[in-house]
Every structure is written in structure tokens, then in C-alpha cells.
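Here are the chains, one letter per residue:
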Amino acid sequence: MVGGPGPAGPAARRLKPSTRGAVPGAVAPSWEHHAHVVSSPPFPAAAPTRLGPCSQGAMTVLAMGAYARRGLRHCIALDVGTSTVRLWTSATDTTISEPAALVRRAGGRHAVGRAAIEQAKRDGGTLVWPVRDGVVRDFFGCVHLLRLLLARAGQWYADDHPVLVGVPATATLREKKVLVAAVRRATGGRVSTVEEPLAAALACRPDWGGDDVVAVDIGSGRIEVARIADRSVTAAQRVDVDDPVDPVPAIARCVRDLTAPGTGRRRLLVTGGGAASAGAAARLAGYTGRSVTIPADPQLATLTGLRLLLTR
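All values derive from a computational prediction rather than experimental measurement. Every chain's residues receive numbers from 1 upward, in the order its sequence appears when written. The model is predicted, so local features are restricted to residues of pLDDT at least 70 and side-chain atom pairs to those at 80 or more, both for listing and for counting; the totals for chains, interfaces and linings are taken over all residues. With hydrogens and water excluded, all non-hydrogen atoms of the structure serve as input to the side-chain values.

Right, let's talk about the packing of helix α5 (residues 248-257) against helix α6 (residues 280-288) for a bit. Running from N to C, α5 and α6 point in directions that differ by 40°, and their axes come no closer than 10 Å. Comparing their axes, α6 and α5 come out oblique. Classified by chirality, the crossing of α6 by α5 is right-handed. Contacts between α5 and α6 involve V248, P249, I251, A252, V255 and R256 on the former and, on the latter, A280, R283, L284, Y287 and T288. Residues are grouped as follows: nonpolar covers Ala, Val, Leu, Ile, Met, Phe, Trp, Tyr, Cys and Pro; charged covers Asp, Glu, Lys and Arg; every other residue, Gly included, is treated as polar. Residues that form the contact of α5 with α6 fall into these classes: 8 nonpolar, 1 polar and 2 charged. Axis lines are fitted to C-alpha atoms, over the contacting stretch for helices. Their N-to-C directions set the angle, which ranges from 0 to 180 degrees. Only runs of H or I of at least four residues qualify as helices and only runs of E of at least two qualify as strands under DSSP, and these elements are numbered from the N terminus. Angles below 35 degrees are treated as roughly parallel, those above 145 as roughly antiparallel, those between 65 and 115 as roughly perpendicular, and all remaining angles as oblique. Note: crossing handedness is left-handed where the near helix turns anticlockwise from the far helix by less than a right angle, and right-handed where it turns clockwise. Here a residue-residue contact requires only that any non-hydrogen atoms of the pair lie within 4.5 Å.

See the structure below:
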């Protein structure tokens, strides 16, 4: 896929619950607008993780251009997911989205992405998925995967360019360090990290004000709910999915857990591949009583936010 998300970010669509409210298990209320959504594969169960106020995170202020540097021609944004790697490079203004898979060939060569999947089907090779549950499980596999995808995007190894990579808000410090080390080894660049729900929220172009804002990132390997205040992640939970086919009730419980007291408007930003699941946004609006915003392309929301942080 060539041509990254436009500098203005994708358009957003919103769903607003009716004044009747709703409770879990009830029929979702009527909507002022219905977004077109498509079905997506089931979600694997994940162990619960809770964070208090976040002091570790990659950034404290959510603002476009926060990581832009004058005089630097090349920069890279990376969203390394369980099933898909998405990257953007300013060198060619190219966005690539490929399956996060590789096949090791004889002689030490590798095939990655869709080519790896096709080769595995054709020759019976073993597919390797270096990222599991949103974090790196195969360090050298991840390095090879990123190097080949960056070369395909026209970005070569260099030691002077900034690299901004999304990390799960509920990842441990060790997991974040492993990801940073893999990205640094693959790119040679100066690596910074941003919590994925925070980057994805930026893609929604929110007008923060005094609203109570909660972001949901529904990935194929990890689902996270994060409360955003003062343009930073103040608390986050990894969702413990009771029913892998229908994670919405579990997500709604986490959203209610992270609801902050106050009089501001309650908003819910829903991103990630699972945001396109049929009826997910409408049900979340009904279960939580929040106004729901979904970016036009929720799968690219994290990458779009990272790119906005790198460019002015």
C-alpha cells in the first residue's frame, strides 16, 4: 500500500447513544448515525493487567509534531502488531502494511509478509510470527522482519534518523526494552516509544477540553483500554476476554472501571482492527453510555498518530 495517511489524519465518525441509556445485556439503543463496519476474526483471550497512573510512557504531551526535528530528512513510524506490521517512512512517503510473518530459507535468507505466507503454502516452510500478544517473542526474527520491510519501503540502515514505535500501554518495562532493542538493531535509528492507545487517539483529532476520554485499542493479540487526561495516558488495563468471539462485554467492563468522576462529556475512542467488527461500536456506546468516535481507517490509527507526531 503506497501513500501514507494524509497529514490531516483520517476523518472520524461518531456514534452517540440515545438518552435512554443502556445496561449490559440490553438491546443497544438507537443511533443518530450508523457507521459501516465489516466483520473481523475472533480475538484470543488475554490475561488481565492493570496499571496505575502511568509514569513510564514514551511521552507526556500529546501534540502533533512533538517528535519532529528540523534538518532531519528521514524518519520512520512503526506499528509492530501481532498479526501485522505497519510502517511509514518519510524517505519515500510510503506506507507498508504486511503480515508480521517470515519464513527462513536455506542459506540464511528470509521471506517476509505476504511472500512468506505464499512460500509456506507452496513449499511447506514453517511460518514464524515474531510478535505475540503485542510484544516481541522472537528477537532476531523481529529484526529480520523489520529490516526486510524497511528495505522494501526504500529506507536503509542509518544512525541519524528518528524512529517512533508504538508500544502497548500495559506492556512491562522489559517488554518495551526488548521492542526498542529490536527496532534499534533493525533500523540503526534513534528510537522513541509512544503508547499505542495514545497515538491512535491522536488520529481521531480529538478536541480534548475537559472531557472524560477513554481509548480502546482492539488488536488481534492484545486489547487495551486507556484513560487519557492532560494529553497523556493516566491509567490502562489489558482486557481479560471471557468470550474470544465477543470481547465487547469485557471491554465495556474495563471502560467503566476507568471512568473518571467529573462533569465532562464522556467519550470513547475505538481503534484497531477489531473496531470494524459488526456492531462493536454501537454496542460499546450502549453499554458504556459514551459518545463513540472511530477513525475512518481504525487499523491505521496508531500509525497515523505516530506519523502526526513525527511531522509538522
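To continue, consider the sheet that holds strand β12 (residues 190-195). Taking strand neighbours across the sheet as the criterion, the 5 strands line up as β5-β4-β3-β11-β12 in an open arrangement whose pairing is mixed. This sheet does not close on itself; its edge strands, each paired only once, are β5 (94-99) and β12. Strand-to-strand, the axes of this sheet are offset by a mean angle of 20°, without reference to chain direction. Packing of helix α4 (residues 196-203) onto the sheet brings it into contact with β3 (76-80), β11 (162-167) and β12, and relative to β12 it is tilted by some 80°. Any two strands with at least two DSSP bridges between them are considered paired.

Right, let's talk about the sheet that holds strand β6 (residues 102-104) for a bit. Strand order in the open sheet formed by 3 strands is β7-β6-β8, with antiparallel pairing between adjacent strands. Strand pairing shows two members of the sheet lacking a second neighbour, β7 (110-112) and β8 (127-128), which therefore form its edges. Alignment of β6 against β8, held across 2 bridges, turns out to be antiparallel. By the bridge assignment, L102 is partnered in β8 with V128. The strands touched by helix α1 (residues 113-123) are β6, β7 and β8; relative to β7, the strand with the most contacts, the crossing angle is about 110°. The sheet strands contacting helix α2 (residues 139-152) are β6 and β7, and the helix crosses β7 at an angle near 70°.

This paragraph deals with the nonpolar core. What we call a nonpolar core is a set of buried Ala, Val, Leu, Ile, Met, Phe, Trp, Tyr and Cys residues that are connected through their side-chain atoms within 4.5 Å. Relative accessibility under 20% of the residue-type maximum defines a buried residue, over 50% an exposed one, and the middle range a partly exposed one, all with a 1.4 Å probe and only protein chains included. By size, the foremost hydrophobic cluster in this structure holds 28 residues, and its most contacted members are L78, V80, L146 and V183. Counting residues per element, this core draws most heavily on α2, at 6 residues. Among all residues touching V80, those that are not within four sequence positions of it are V85, V131, G134, L146, V165, L179 and E196. The next biggest cluster of nonpolar side chains, apart from the first, holds 25 residues, and it includes V216, A252, L268 and A285.

In this section: α5. Every buried residue belonging to α5 is among V248, A250, I251, A252, C254 and V255, and all of these are buried. Tucked inside the fold, the buried residues of α5 contact β13 (212-218), β14 (223-229), β15 (232-238), β16 (266-271) and α6.

What follows concerns the packing of α4 against helix α7 (residues 301-310). Packed helices, taken two at a time, are described by the angle between their axes plus the distance between the axes. Packing of α4 against α7 brings their axes to within 7 Å, and their N-to-C directions diverge by 80°. On the basis of their axis angle, the class for α4 and α7 is roughly perpendicular. Together, E196, A199, A200, L202 and A203 of α4 and A301, T302, T304, G305, L306, L308 and L309 of α7 make up the contact between the two elements. Partitioning the contact of α4 with α7 into residue classes produces 8 nonpolar, 3 polar and 1 charged.

Burial within β5 is extensive, with 6 of its 6 residues counted as buried. Relative to β5, strand β4 (residues 84-89) is paired through 6 bridges, and the arrangement is antiparallel. Bridge pairing links W88 to T95 in β5. Between β4 and β5, which pair antiparallel one after the other, the connecting turn spans 4 residues, and D93 there sits at a positive phi close to 50°.

On to the packing of aromatic side chains, then. Pairing of aromatic side chains requires ring centres within 6.5 Å, counting the rings of Phe and Tyr and the six-membered ring of Trp. Pairs whose planes differ by under 30 degrees are stacked, by over 60 edge-to-face, and all others tilted. One pass over the full model with this rule turns up 1 aromatic pair. Each ring, one from F139 and one from F140, has its centre 5.2 Å from the other, and the planes form 90°; the classification is edge-to-face. Residue classification places F140 among the partly exposed positions, given a relative accessible area of 47%.

Purely spatial values, then, with no claim about function.
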